[in-house]
Amino acid sequence: MSDTEPRLEEQALSQAAEIGITTQLEAVEKINVDVRTDLFKMVQGKADSISVTGEGLVVQKDIRVQEMEVHASDVNIDLLSAIFGDVELNHPADATVRVLLTEADLNRTLNSEFVRSKMPPFELDVEDERVTLQTQQMELQLRGSGKIVFSGDFLMQAGNITEELSFTASARPRTEDQPILLEGFYCTNGQGISIELAAAFMEKAKELMKLPYFVYEGSAFRVIKMDVQEGSLSLEIEARVSQIPSL
């Protein structure tokens, strides 16, 4: 965000965008939009940069973000939409994103109807047999030692057999120097799983962890750093966004 005093046109655009973003959220404690441009660029639908910062953002039921920062440069915006409080991009823009999530908010999000509807079953090939794992419930703990502990329930289906499984897993977060490291995976309920199924599951987990980016509503995101503290998780993300903010 620039230290110079914003022009009147910049203030007007920024305030309109703040109103538009606020109306799209269930609730928000604090929101600030800073659009940097000039009159000539505005007419062309261009902005030097757009920054969005917010606290206590409730995107929809059970999905809350403690803190968020989005910064994008060399942006092409739909001027008419921006005037009416909705920042739309004429072309995708590169952005940096920082998100702070609390443990309580993360657990509500993981078990929300929205996330459950977007989470497809895991399909594994185990000795020429298709095994499906459907997540039923998830819970995580954010440890001060930088460790993330997951626990939850799976519904496993293999052929005509359906079985409920409970598990606990621990992982080290992604850093600039290393990917996510899975330290352990344990079945805590049911009859357990075969070595072949465990190997297939670990291979699937490895595949997901090594994905270069993930896509949501036309925007691509890549987590470049994760910082785990007691009760909170901070993410630094590189993004190719089609909407500011992409919530």
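Residues numbered from 1 in each chain as written. Predicted model: local features only at pLDDT ≥ 70, side-chain atom pairs only at ≥ 80, totals over all residues. Heavy atoms only, no water.

(A) Structural view of the side chain of serine 232. Tracing the sequence through the fold places serine 232 in strand 12 (residues 232-243). When residues no more than four places from it in sequence are discounted, the contact partners of serine 232 are Leu100, Leu101, Thr102, Glu103, Leu142 and Asp227. (Helix = DSSP H or I, 4+ residues; strand = E, 2+ residues; numbered from the N terminus. Contact = heavy atoms within 4.5 Å.)

(B) Up close: the packing of aromatic side chains. In the structure shown here, the tally under the stated rule is two aromatic pairs. Geometrically, the ring pair formed by phenylalanine 122 and phenylalanine 154 is edge-to-face, given 6.3 Å between the ring centres and 85 degrees between the ring planes. You can see phenylalanine 122 sitting in strand 5 (residues 122-126) and its partner phenylalanine 154 sitting in strand 7 (residues 148-158), a full 32 residues away along the chain. What links up through ring pairs into an aromatic cluster is the set Phe122, Phe154 and Phe167. (Phe/Tyr/Trp six-rings, centres within 6.5 Å; stacked < 30°, edge-to-face > 60°.)

(C) View of the nonpolar core. With 36 residues, the main nonpolar core has Ile50 and Val52 as its most contacted residues. Counting only elements with at least two residues in this core, the list comes to helix 1 (8-24), strand 1 (30-36), strand 2 (46-60), strand 3 (63-76), strand 4 (88-102), strand 6 (129-142), strand 11 (219-229) and strand 12. Ranked by size, the runner-up nonpolar core spans 14 residues in total, among them Met138, Phe154, Ala169 and Leu197. (Core = buried A, V, L, I, M, F, W, Y, C linked by side-chain atoms within 4.5 Å. Buried < 20%, exposed > 50% of the residue type's maximum accessible area, 1.4 Å probe, protein only.)

(D) Quick peek at empty space enclosed by the protein. Applying the stated criterion across every chain yields a total of two cavities of 30 Å³ or more. Estimated volume of the largest cavity: approximately 70 Å³. Contributing elements (two or more residues each) for the lining of the largest cavity: strand 8 (161-172), strand 9 (181-189) and helix 6 (195-209). Each residue belonging to the lining of the largest cavity can be placed in one class, and the counts come to nine nonpolar, no polar and no charged. Of the volumes computed, that of the second largest cavity is approximately 60 Å³. The wall of the second largest cavity is formed by Leu110, Asn111, Arg116, Met119, Gln134, Thr135, Gln136, Gln137 and Met138. Among the elements that take part in the lining of the second largest cavity, strand 6 stands out by supplying five residues, more than any other. Among the residues making up the lining of the second largest cavity, the classes are represented as three nonpolar, five polar and one charged. (1 Å grid on protein atoms, 1.4 Å probe; cavity = no way out; pocket = protein on both sides within 12 Å on 5 of 7 lines; lining within 4 Å. Points joined across faces, edges and corners; volume = space filled by probe spheres on them. Nonpolar A, V, L, I, M, F, W, Y, C, P; charged D, E, K, R; others polar.)

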